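# Working through the structure, step by step
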Amino acid sequence: DPVLIESKIRTVRYLCELCKFKVCPPGVVLDMFKEFCDDFSQHHAELCAHILGCCGRYLLYTPETATRTDNLLERMARLKNAKSLNLRLEIMLEDAYYQFKP
């Protein structure tokens, strides 16, 4: 359902922005990212890409969250290669991954 995924995307992006401005703790976003990786469906893959695009650099370069973010990022990359996603999602995930980790 496109309306449902758009609502989820807005919510995820909002929480990511709150995280960057230190209103929402980074652990909340990392827990969300982990849950999306635990059930790596089409919608969750897209939401992972939006998390990385919105506050991935912040999470990766903040010393308190760098290790956990790097581990989750590697896990997501392995899942992307293991699962058969449509081309649009694969490109979204690769773009988000290489955007801050060349």
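This section reports on the structure supplied with the text. (Residues numbered from 1 in each chain as written. Predicted model: local features only at pLDDT ≥ 70, side-chain atom pairs only at ≥ 80, totals over all residues. Heavy atoms only, no water.)

### Observations regarding the overall build of the protein chain
Looking only at helices and strands, one finds five helices and zero strands in the protein chain. N-terminal to C-terminal, the α/β element order of the protein chain is α-α-α-α-α. Here the protein chain has a C-alpha radius of gyration of 13 Å; the compact-globule value for 102 residues is 13 Å, and the two agree. For the protein chain, with 102 residues in total, the buried portion stands at 42%. For the protein chain, long-range pairs separated by at least 24 residues make up 70% of all intrachain contacts whose partners lie at least 6 apart in sequence. Accessible surface, the protein chain: about 5,900 Å² in total, of which carbon and sulfur atoms supply 57%. For the protein chain, the separation between the mean place of its 14 positive charges and that of its 14 negative charges on side chains is 2 Å. (Helix = DSSP H or I, 4+ residues; strand = E, 2+ residues; numbered from the N terminus. Rg over C-alpha atoms; globule rule 2.2 N^0.38 Å. Buried < 20%, exposed > 50% of the residue type's maximum accessible area, 1.4 Å probe, protein only. Contact = heavy atoms within 4.5 Å. Areas by Shrake-Rupley, 256 points an atom, 1.4 Å probe, with all protein chains shown as cover. Lys, Arg positive; Asp, Glu negative; His and termini not counted. Charge placed at Lys NZ, Arg CZ, Asp CG, Glu CD.)

### What about helix 4 (residues 66-82)?
Within an α-helix, residues lying three or four positions from one another point in the same direction, as the helix has 3.6 residues per turn. The first and last C-alpha atoms of helix 4 sit 24 Å apart over 17 residues, in line with the 24 Å expected at 1.5 Å per residue. Along helix 4, the positions that sit buried rather than exposed are Thr-69, Leu-72, Leu-73, Met-76, Ala-77, Leu-79 and Lys-80. End-on, the buried residues of helix 4 take up no more than an arc of 165°, which puts them together on one face. Turned more than 90 degrees away from the buried face of helix 4 sit Thr-67, Arg-78, Asn-81 and Ala-82, all of them exposed. On the buried face of helix 4, the contacting elements are helix 2 (26-38), helix 3 (42-61) and helix 5 (87-100). (Expected span 1.5 Å × (residues − 1). Arc of directions from axis to C-beta.)

### Considering the side chain of Glu-46
Position of Glu-46 relative to the elements: it lies in helix 3. Beyond its immediate stretch of four places on either side in the chain, Glu-46 contacts Ile-5, Ile-9, Arg-88, Leu-89 and Met-92.

### Structural notes on helix 1 (residues 2-20)
Along its 19 residues, helix 1 runs 27 Å from first to last C-alpha, staying within 8% of the 27 Å computed at 1.5 Å per residue. Against the buried residues of helix 1 lie helix 2 and helix 3. Remark: Lys-22 follows helix 1 within two positions and exhibits a positive phi of approximately 60°.

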